[in-house]
Amino acid sequence: MDPIIVAVLGVLFMFLLILLQVPIGIAMAVTGVVGYGLLSGFGPAITIIATETSSTISNPDLAVIPLFLLMGNFASVAGLSGDIYKLAYAFLGHRRGGLALSTVAGCGLFGAVCGSSTATAATFGKVALPEMLDRKYAPHFAAGCIAAGGTLGSLIPPSVILIVYAVIAEEFIVTLFIAAIIPGLISIGAYFIAIMIYLRINPKAGPAGPRMSWRNRFKTTLRCWGVILILLVVVGGIYGGVFTVTEAAAFGAVLAFLFAVGRRKMTRRMFWDALEGTAMTTAMIYGIIIGANIMTYFVTVSRMPDELVGLISGSQMPTFLVLTLLLFVYLLLGSIFDTVAAMLITLPFVLPLIIDMGYSPIWWGIVNVVVIEIGMITPPIGLNVFVLHGVAQDLSLTTIFRGIVPFLLADIGRLIILVVFPILIMWLPGILG
Amino acid sequence: MSSFEQIDRAVKRFTRMIALIGLVGLLTLALATVLDVMLRWIFNSPIVGLNDTYSLFAALIIASCLPLCIYRRGNITIRFVGNIFGERATNVLDAFGGLVSLIIFSVMAWQLWRYTDQLARDGETTWVLNWPVSPWWRLVSILIIICVPVTLITVIQSAKSAIREKDASGRVESSSAQPREGNN
């Protein structure tokens, strides 16, 4: 059979398995083995299950993922999210929508010690939502802030999804982290603007809080020294070239653990829960990566990506149109799948196409994360919305989706900016190497 | 308590224990890395060969997390079709997904065991410390083998739930039919 037909049927088979509730990683692995078997024989196909599993789980670059997840879980136990929120509120709380601005800034900062979108949304759902509702914020607006702010967790380095992308696309993790700085700041800025415009139209949705004196701001900052130290060590250490990413992750995990112990919040129960949470997320991510690696084997042998590139190049379709189509597809995928799954299912096909169109894989890594994260708050599914609904069940899904509208508009704006001006992503890696 | 429930409880405790041992290992690895950096800075004398062991430790830690994730159904699954057709369909499809997973984990366990045999035959060692790698991969293989019965337990759980749902819906139908008969 023609390899391309096998590949197309393979992709359809994979989606069928996913629809039939086969876990995504397993569906990709089965498709990879069967497809590779049909093209190159089932003897070699079965051996790739062992070779891909062993190379994935022993990959030292990917090993930073459980370390960052551990750091995020210990940071949550230590109550560092609360500190971040207080710190942001000290400087922004007196403005109209001060708590909303603090939530977005807090999500951005917490993203730097957590690295996960859903974890950030869940944590701030517990920390910020009750506070905003107490201060008479409109429930839909408060919920929208948190669900959208949560998406910053995946973009602000160190980010788990960027590490996965870097390893699969064979790029340097630090380069991707550097490339994410400006888009991360743009994202926070875009959400700030969305909040300000929305509150100009609906001033009662987010009243201002009392202004804090500079003395009290200084005191609050001092009280939050723990989180500032972790940020300095992890983020500063990586960007300053003091640590490798693995060392920074190890320092972050140990510091967060020490803070939790020092603050007497690390009960035996909390310790085991943090470890269990880390184990679950680690296994979930690795399951998808192993499946995606097996699938990539099959896709590469079928030469489908080359055919796809040739087909699109031959069709004379404008690059802009191809990109727009891709972005729509990712928006859809992001609203259905988890971020890692949405990225890894498509990467073997899409990355060669992006490179053929003359774009940098670094640029695409950032744009890819941004667009999938927008999917995380896009109806009908939008994983972050469901996570927040799980934390605050009094808020209906409709209420949360209603609150997301201004942020969704801001997201589309920032996505267009990042696509039209790739320099915003590529400039820092260019000058910092 | 039925014998299946007893087995189920034991599997729950066992998978949790394995994952926790693995994650304590991760924390230890993090502490060792911190110590390594400190020794490098202060005494210019890092822990010899720590990087060498990273891959082996990582493989063991990741493999230790898999049984718990399988038992708790933590792998990402789209339950779109099941949600449309109801609880029973969800359980039936979960059982199907579990069966497919069972096949993959069985093949994975078998192939990793053979891969370890190969490493042992070749006498593969780490670069710096010259540690033999096959014992580590034997442990990883055992952890993957553990995934097979754990997956089987989840399949049985889903199948039992599907049968219970069927019985429950059957009872509802018959109980709702009785008054009609009585009225007639």
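A brief structural summary. Sequence order as written defines the numbering, with residues in each chain counted from 1. Chain A is the first chain written and ligand 1 is the first ligand written, with later ones labelled in order. Two thresholds apply to this predicted model, a pLDDT of at least 70 for residue-level local features and 80 or more for giving and counting side-chain atom pairs, whereas whole-chain, interface and lining totals are computed over all residues. Note: side-chain values were computed over all heavy atoms of the structure, leaving out hydrogens and water.

## So, the overall build of chain B
Stage number 1. Helices and strands together make up the secondary structure of chain B, namely five helices and zero strands.
Stage number 2. For chain B, the N- to C-terminal ordering of α and β elements is α-α-α-α-α.
Stage number 3. The buried label applies to any residue whose accessible area, calculated with a 1.4 Å probe on protein chains only, is under 20% of its type's maximum; exposed applies above 50%, and partly exposed to all values in between. Buried positions account for 46% of the 184 residues belonging to chain B. Helix and strand assignments come from DSSP, with helices taken as H or I runs of at least 4 residues and strands as E runs of at least 2, each series counted from the N terminus.

## Focus on the environment of Ala292 of chain A
Residue and element names in this part refer to chain A.
Stage number 1. One can find Ala292 in helix α16 (residues 268-302).
Stage number 2. Distance in space between the C-alpha atoms of Ala292 and Phe386 is 25 Å, their sequence separation being 94 residues.
Stage number 3. We call two residues contacting when some pair of their heavy atoms lies within 4.5 Å. When near neighbours in sequence (up to four residues on either side) are disregarded, Ala292 contacts Met28 and Leu344.

## Re the environment of Pro380 of chain A
Residues and elements named next belong to chain A.
Stage number 1. Examined against the element boundaries, Pro380 turns out to sit in the loop between α20 (361-375) and α21 (383-391).
Stage number 2. Residue classification places Pro380 among the exposed residues on the basis of a relative accessible area of 60%.
Stage number 3. When the C-alpha atoms of Pro380 and Pro305 are compared, they prove to be 30 Å apart, with 75 residues separating the residues in sequence.
Stage number 4. Pro380 has contacts with Ser335, Phe386 and Phe401, leaving out every residue within four places of it along the chain.

## A short note on helix α4 (residues 64-78) of chain A
Residue and element names in this part refer to chain A.
Stage number 1. Here α4 spans 21 Å end to end across 15 residues, near enough to the 21 Å set by a 1.5 Å rise per residue.
Stage number 2. α4 sits mainly inside the fold: 13 of its 15 residues count as buried.
Stage number 3. Gly79, located one to two residues past α4, shows a positive phi value of around 75°. How far a helix is expected to stretch is found by multiplying one less than its residue total by 1.5 Å.

## Some words on the interface of chain B and chain A
Stage number 1. Across the contact, 51 residues belong to chain B and 49 residues belong to chain A.
Stage number 2. Salt bridges are identified by distance alone: a Lys or Arg side-chain nitrogen within 4 Å of an Asp or Glu carboxyl oxygen. Joining chain B to chain A, the criterion identifies three salt bridges.
Stage number 3. Residue Glu276 of chain A is joined to Arg16 of chain B by a salt bridge in which the shortest nitrogen-to-oxygen separation is 2.2 Å.
Stage number 4. Counting of polar contacts relies on pairs of N or O atoms within 3.5 Å, with two restrictions inside protein: one atom must be capable of donating a hydrogen and the other of accepting it, and residues adjacent in sequence are counted only when both atoms are side-chain atoms. Our count for the contact surface shared by chain B and chain A stands at nine residue pairs in polar contact (both at pLDDT 80 or more).
Stage number 5. Every element with two or more residues in the side of chain B that touches chain A is listed here: α1 (3-43), α2 (50-71), α3 (80-85), α4 (87-122) and α5 (134-183) of chain B.
Stage number 6. Classification convention: Asp, Glu, Lys, Arg as charged; Ala, Val, Leu, Ile, Met, Phe, Trp, Tyr, Cys, Pro as nonpolar; all other residues, Gly among them, as polar. Considering only residue class, the side of chain B that touches chain A consists of 36 nonpolar, 10 polar and five charged.

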